[in-house]
Amino acid sequence: MDVEFVFDVPCVWSYFAFARFQRAAARIRAEGGEVRVRFRPFQLDPRATVDGEPKIDVLRRAFGAGADDAVAGIESKAASEGLTFRHRHAVWSDTLPAHRLIAVAARQGRGEAMVERLFRAHHTDELNIADPATLRRLADEAGVAWQDGGDDDVRAELARVRAEGVRGVPVFRIAGRTLNGALSEESLYQAMSATVAA
């Protein structure tokens, strides 16, 4: 089956959704099903720069005095799902370069591996995922051959996603159904199971 996943890398709910999707897809694949994922880009902050700024500063501007407690809560929630979040030194930066690398990886059959590594790079390793040298190293770790160019293609896809009415992420599209938010592993598994059975 074909699954679309619309997301942005710094979005904590996108990471939760992807991790749950991976577990659900592994169950489908273990049962003999085939799951193909099309990754589609979204930018939470199109004005973010390549050099970036501390993510905690961005969160404090958005959420005020409650930002630090929110970060602690999300880090605790991540730990309960087997993920490690470290956001106190994370870098909030332009995600277009990361989405371009994901498109390159997808063409090489390494999309899922690249997306997972980029999520971990931002949320766990606190790396700047707009930095060219960092992206080249992450591509190598994920077994992706680096390619230059492709920014215009990503911008065009971002425009298509906006034209489709997507205003927040994560979004899944499974067999024509649009599913919004960080759904549970079981919900994603059931949605994909229904497609296999149909």
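Before reading further, recall that the structure is shown in the block above.
Quick summary incoming for the structure in this document. None of these values were measured; they are calculated from a predicted model. (Residues numbered from 1 in each chain as written. Predicted model: local features only at pLDDT ≥ 70, side-chain atom pairs only at ≥ 80, totals over all residues. Heavy atoms only, no water.)

Turning next to the side chain of Thr95. Position of Thr95 relative to the elements: it lies in the loop between β4 (91-92) and α4 (96-107). Excluding residues within four positions of it along the chain, Thr95 makes contact with Asp8, Pro10, Phe42, Gln43 and Ile129. (Helix = DSSP H or I, 4+ residues; strand = E, 2+ residues; numbered from the N terminus. Contact = heavy atoms within 4.5 Å.)

What follows deals with the packing of helix α1 (residues 12-30) against helix α5 (residues 111-123). Running from N to C, α1 and α5 cross one another at 145°; their axes reach a closest spacing of 11 Å. Considering the relative orientation of α1 and α5, their crossing is left-handed. Counted together, Val12, Ser14, Tyr15, Phe18, Phe21, Gln22 and Arg29 of α1 and Glu112, Val115, Glu116, Phe119, Arg120 and His123 of α5 form the full contact between these two elements. Counted by class, the contact of α1 with α5 contains 6 nonpolar, 3 polar and 4 charged residues. (Axes fitted to C-alpha atoms, helices over the stretch in contact; angles between N-to-C directions. Left-handed = near helix turned anticlockwise from the far one by under 90°. Nonpolar A, V, L, I, M, F, W, Y, C, P; charged D, E, K, R; others polar.)

The biggest cluster of nonpolar side chains holds 46 residues, and the ones touching the most others in it are Phe5, Phe21, Val35, Leu118, Phe172, Ile174 and Met192. Per-element tally for this core: the top contributor is α1, with 10 residues. Those residues in contact with Leu118, other than ones at most four positions away along the chain, are Val9, Ala98, Ile102, Ile129, Leu135 and Leu138. Counting residues in each nonpolar core, the second largest holds 7 residues, with Cys11, Val166, Val169 and Val171 among its members. (Core = buried A, V, L, I, M, F, W, Y, C linked by side-chain atoms within 4.5 Å. Buried < 20%, exposed > 50% of the residue type's maximum accessible area, 1.4 Å probe, protein only.)

Another point: the sheet that holds strand β6 (residues 177-180). An order of β2-β1-β5-β6 is seen for the 4 strands of this open sheet, with the pairing classed as mixed. Of all the strands in the sheet, the pair left with one neighbour each is β2 (36-41) and β6. Each strand axis lies, on average, 20° off the axis of its neighbour in the sheet, ignoring direction. Here 4 bridges tie strand β5 (residues 171-174) to β6, and the two strands are oriented antiparallel to one another. In the sheet register, Val171 faces β6, and the bridge partner there is Asn180. Strands β1 (2-7), β2 and β5 of the sheet are contacted by α1, whose axis makes an angle of about 165° with β1. (Pairing = 2+ DSSP bridges.)

Moving on: helix α3 (residues 67-80). Taking 1.5 Å of rise per residue, the 14 residues of α3 would be expected to cover 20 Å, and the 20 Å separating its terminal C-alpha atoms lies within 8% of that figure. Buried within α3 we find Ala67, Val71, Ile74, Glu75 and Ala78. Buried residues of α3 fall within an arc of 100° about the axis and therefore sit on the same side. Residues of α3 that are exposed and point over 90 degrees away from its buried face: Asp69, Ala79 and Ser80. Looking at the buried residues of α3, the elements they touch are α1 and α2 (55-63). (Expected span 1.5 Å × (residues − 1). Arc of directions from axis to C-beta.)

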